[in-house]
Amino acid sequence: MLLLTHRYWGIDHDATLYMGEALRLLSPDIYNHDLYFAHGSQGKYTLFPWVLAQLMGWLDPAALFFWGGLAGLLAFAWASWFCLSSLLPGGQRYWAWLGVLGLPASYGRTVIFSYAEPFLTPRPFAEALALVALGLGLRRNILGALACLGLAGMLHPLQALAAALVLWPWAVLQDRRWLHALWLILPICCAALMGLAPFDGLLLRVDQSWWVELRGITGQLFVTGWPRLDYQYLVFDAALLAYAWHARQDDFGRLCLATLVGLLLGVGASLVLVEGLHLILPTGLQLWRVHWLAHWLAMAAFALHISRDLLERAHLRAALLTLTGLLAWGAIAWAWVPFALLYWAWPRVGPQLQPRILRVLASLIGIAISLLLVQHIAMELVTFRLANYRLDAFAIDRRILAYPLLAFGLPFAAAMAWQRIEGRGRALLAVAGLVPLVALAALRWDIQIPQRRLVLEQAGHPELFATPLPRHAQVYWHDMSLVATWLVLGRADYYDQQHLSGIAFNPGTIREARRRLGRIGPLLDSVESCKLSSRDGTYAGCSIPDPALARACGPGEVLHPDFLVLPFDLSFPPEGRWRRMSSNGRELLADWSLYSCSSINRALKQADVLTGQGSARAP
């Protein structure tokens with residue numbers, strides 16, 4: 001079920017940026033001039049780009065990122081089992097494991113962040129090491145725990161620091177001598193006072209212009225900028241942890257308390273040091289990321305409560321918690337709160353209710369759960385219809401199976417059935433259920449869309465357009481992933497929205513990006529206006545006014561792109577063209593034209609556009 005709900009969709013999200021970091025190490029003369037690296041990048045804080053660069057030197061990138069993504073996912077699953085095995089007895093750890101793997105993995109800004117990511121970044125490996133560190137700490141192997149946490153920090157300092165915010169309160173609960181770790185604050189403060197980077201960021205404030213850009217572009221970094229649903233996740237996780245701490249008097253309960261303390265420290269520090277004081281270093285550290293471990297433990301707690309209720313035959317109470325969770329993970333604002341309070345009070349309220357009222361309540365809860373499932377499936381079917389019922393364009397099987405009632409409920413039901421049957425019944429269950437699901441997971445784990453597969457097939461082929469590109473060329477490729485420019489053409493990208501991902505670490509990036517947008521802004525506006533005005537939402541019939549081309553390619557103080565890759569033809573011949581149909585010849589997968597800015601300038605000079613328009617409008 002893990003592979004069915006955490007599908008691989010290619011080199012995407014932060015995997016693209018880490019790929020670029022590795023390429024920069026392999027060819028610094030090319031990529032140091034890219035906007036993402038020109039003013040420094042977050043890659044200097046992790047060893048992962050170096051490891052990736054070594055592997056990319058002798059492995060096909062498409063295969064590396066495919067198998068690397070799978071390895072990270074499986075490492076996270078194994079580390080979760082190891083940690084839960086240190087926390088829980090044998091009869092409970094499996095249910096908790098199903099919870100952390102099957103229930104929603106999103107945390108923080110939930111549409112962006114999640115644990116157990118299905119693509120190759122250092123986060124899944126750092127999270128796995130942090131969970132191993134937690135498991136070793138629970139087994140009183142302090143040196144091993146610190147070593148794993150240190151390795152996690154070398155891969156992804158932010159995720160490791162978030163885990164440390166949980167490990168330290170837990171250690172203090174076990175032995176108050178761990179309070180002496182607070183003495184580490186002194187050398188950090190001394191380094192800040194001496195102006196040593198990055199600790200000087202504890203005393204330096206984000207300037208107003210940088211702050212406005214951060215809030216506008218990377219609002220997910222600020223707790224007060226999250227939408228309502230994200231607060232629901234945060235509060236529901238805190239409620240689950242508080243209830244587990246209250247209900248359990250064991251290591252799991254004490255860890256829930258430590259996690260609540262860590263969550264309060266991380267979110268509280270973000271509110272005070274970032275939202276209040278605007279300090280540079282805390283802004284980059286994103287201490288609210290402690291929510292990843294809090295959410296992981298909350299999902300384990302949710303599964304434990306469900307399994308306890310079912311094993312005690314308290315089916316109505318289990319259904320009540322199920323409905324509470326579905327509402328909390330849905331879009332209905334705070335509708336879960338009264339049901340959560342009823343669940344908490346059920347041991348006192350339930351026995352006092354008459355059987356007839358219990359039957360009515362059970363029916364209403366069952367109807368509500370069913371309606372939520374039907375609504376989810378109906379909404380996914382609407383999107384599937386818009387995708388012309390194509391699985392390669394919209395993986396509806398993953399979307400439906402990822403619904404918590406199914407992602408957790410199906411393996412939970414299978415495990416319950418496995419425990420109750422013996423002998424040939426288990427063999428039949430394995431053949432009829434497990435084998436088909438494993439086969440389906442193997443066949444459907446890779447759900448890259450055809451266009452993305454096509455781009456990866458061209459990796460390392462800069463001759464794609466049959467035109468040689470100088471090594472130091474800056475290429476603007478409209479409406480295309482950085483993977484195409486970086487990995488296929490092997491050249492620096494002039495501007496892409498994803499370049500702005502690291503502006504919390506490098507203010508120079510956004511300043512240069514604004515300057516470059518001043519150059520290509522009219523071109524972008526023309527292209528997008530044409531696309532929006534077309535009936536089919538394509539670029540058919542689009543053109544770019546000569547002044548916009550002059551602005552993009554003409555002389556000026558701001559660096560201009562050397563080449564433009566556009567999804568339509570201009571009024572003069574391109575330098576090259578890449579056009580590819582699908583294998584069945586029914587779908588156009590790629591239709592791109594390459595234009596040289598030097599050729600555009602010559603053509604515009606002949607039309608007197610460059611001298612008449614470009615000089616007047618140059619930055």
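Along each chain, residues carry numbers from 1 onward, in the same order as the chain's sequence is written. Where totals are concerned, whole chains, interfaces and linings use all residues; where local detail is concerned, this predicted model gives features only for residues with pLDDT of at least 70, and gives and counts side-chain atom pairs only at 80 or more. Side-chain metrics rest on all non-hydrogen atoms present in the structure, leaving aside hydrogens and water.

**Q** Would you mind going over the overall build of the protein with me for this structure?
**A** What counts as a helix is a DSSP run of H or I of at least four residues, what counts as a strand is a run of E of at least two, and both are numbered from the N terminus. The number of helices and strands found in the protein is 29 helices and 5 strands. For a compact globule the rule gives 2.2 Å times the number of residues to the power 0.38, and the radius of gyration it is set against comes from C-alpha atoms. Radius of gyration (C-alpha) of the protein: 27 Å, near the 25 Å computed for a compact globule of 619 residues. With the principal axes as the frame, the protein shows a C-alpha extent of 90 × 65 × 45 Å. Scored against the burial criterion, the 619 residues of the protein give a buried share of 52%. Using the Shrake-Rupley algorithm and a 1.4 Å probe, accessible areas are obtained, with residue cover drawn only from the displayed protein chains. Within the structure as shown, the protein displays about 27900 Å² of accessible surface, and the carbon and sulfur contribution to it stands at 64%. In this tally Asp and Glu are treated as negative and Lys and Arg as positive; neither His nor the chain ends contributes. Positions of charges follow a simple convention, taking NZ of Lys, CZ of Arg, CG of Asp or CD of Glu. Of the side chains in the protein, 49 bear a positive and 41 a negative charge, and the two mean positions are spaced by 9 Å. In this scheme, a residue with accessible area under 20% of its type's maximum is buried, one over 50% is exposed, and one in between is partly exposed, where area comes from a 1.4 Å probe on protein chains only.

**Q** Even after reading the chapter, I still don't get the nonpolar core, so can you show me in this structure?
**A** In a soluble, globular protein the nonpolar side chains are often hidden away together inside. Counting 190 residues, the largest nonpolar core has F65, F252, W292, W296, W477 and L523 as its most contacted members. No other element matches the 13 residues that helix α16 (residues 291-311) contributes to this core. We call two residues in contact when some of their heavy atoms are within 4.5 Å. Among residues more than four places away in sequence, those in contact with F65 are Y8, I11, A15, M19, L52, M56 and L120. Joining through side-chain atoms within 4.5 Å is the link that ties buried Ala, Val, Leu, Ile, Met, Phe, Trp, Tyr and Cys residues into a set, and such a set is a nonpolar core.

**Q** Sorry if this is basic, but what is going on with the environment of W296 here?
**A** Relative to the helices and strands, W296 is located in helix α16. Along the chain, W296 and Y539 lie 243 residues apart, while their C-alpha atoms are 44 Å from each other. Here W296 is in contact with F76, S80, C83, L84, V100, Y115 and L131, once residues within four sequence places are set aside.

**Q** Would you mind showing me how to read the sheet that holds strand β4 (residues 576-581) here?
**A** Within a sheet, neighbouring strands are paired by backbone hydrogen bonds and run either parallel or antiparallel to one another. A strand pair is defined by DSSP finding two or more bridges across the two strands. The strand order across the open sheet built from 5 strands is β2-β1-β3-β5-β4, with neighbouring strands paired in mixed fashion. Both edges of this open sheet fall to β2 (492-493) and β4, since each of them pairs with a single strand only. Taken together, the 3 bridges between strand β1 (residues 474-477) and strand β3 (residues 563-566) define a ladder with parallel strand orientation. When the bridges of β3 are listed, V475 appears paired with F563. The strands touched by helix α24 (residues 450-457) are β4 and β5 (588-596); relative to β5, the strand with the most contacts, the crossing angle is about 50 degrees. Geometry is summarised by axes, namely lines fitted to C-alpha atoms with helices restricted to the contacting stretch, and by angles between N-to-C directions that run from 0 to 180 degrees. Contacts from helix α26 (residues 507-533) reach β1, β2 and β3 within the one sheet, and its direction differs from that of β1 by about 35 degrees.

**Q** Quick question: what am I supposed to make of the state of the cysteines here?
**A** One way to say it: the disulfide is the covalent bond shared by the sulfur atoms of two cysteines. Cysteine sulfur atoms that come within 2.5 Å of each other are treated as a disulfide pair. Scanning the model with the defined rule gives 2 disulfides in all. The residue that forms a disulfide with C530 is C542, at a sulfur-sulfur distance of 1.9 Å. Taking the torsion about the sulfur-sulfur bond, which here is approximately -105 degrees, the covalent link between C530 and C542 counts as left-handed. Within this pair, whereas C530 is found in helix α26, its partner C542 is found in the loop between α26 and α27 (546-553), the two being separated by 12 residues in sequence. In the protein, the bonded cysteines, taken in the order they occur along the sequence, pair up as 1-2, 3-4. Left unpaired, C83 is separated from the closest cysteine sulfur, that of C256, by 11 Å.

**Q** Help me understand the pairing of β4, please; the structure alone is not making it clear to me.
**A** Where a strand is regular, its side chains alternate between the two sheet faces. Sheet analysis places β4 next to β5, joined by 6 bridges and oriented antiparallel. Within β5, the residue paired with G576 across the bridge is L594. Counted between consecutive antiparallel strands, the loop separating β4 from β5 contains 6 residues, among which G585 sits at a positive phi close to 75 degrees.

**Q** Which parts of the structure should I look at to understand the packing of aromatic side chains?
**A** For any pair of aromatic rings, geometry is given as the distance between the ring centres together with the angle between the planes. For Phe, Tyr and Trp, where Trp contributes only its six-membered ring, two rings pair if their centres lie within 6.5 Å, and the inter-plane angle classes them as stacked under 30 degrees, edge-to-face over 60, or tilted in between. Inspection of every chain in the model, using the stated rule, returns 36 aromatic pairs. Considering the side-chain rings of F113 and W288, the 5.2 Å spacing of their centres and the 65 degrees angle between planes classify their relative orientation as edge-to-face. Separated by 175 residues along the polypeptide, F113 in the loop between α7 (90-102) and α8 (122-138) and W288 in the loop between α15 (280-285) and α16 bring together distant segments of the chain. Residues F236 and F302 carry aromatic rings whose centres are separated by 6.5 Å and whose planes lie at 65 degrees to one another, so their mutual orientation is edge-to-face. Remark: F302 occurs in helix α16 and F236 occurs in helix α13 (residues 228-247); sequence separation between them is 66 residues.

**Q** Just to check I follow, could you spell out a nonpolar patch on the surface for this structure?
**A** Within this analysis, patches are made of residues with over 30% relative accessible area and no salt bridge. Like charges are joined at 9 Å or less; nonpolar side chains (Val, Leu, Ile, Met, Phe, Trp, Tyr) at 5 Å or less. Any Lys or Arg side-chain nitrogen found within 4 Å of a carboxyl oxygen on Asp or Glu counts as a salt bridge. Judged by side-chain polarity, L25, L47, W50, V51, L151 and M154 come together as a nonpolar surface patch covering roughly 550 Å² of accessible area. Where the nonpolar patch is concerned, the elements lending two or more residues are α5 (48-56) and α9 (142-155). If you trace the backbone, V51 turns up in helix α5. Judged by its relative accessible area of 35%, V51 falls in the partly exposed class.

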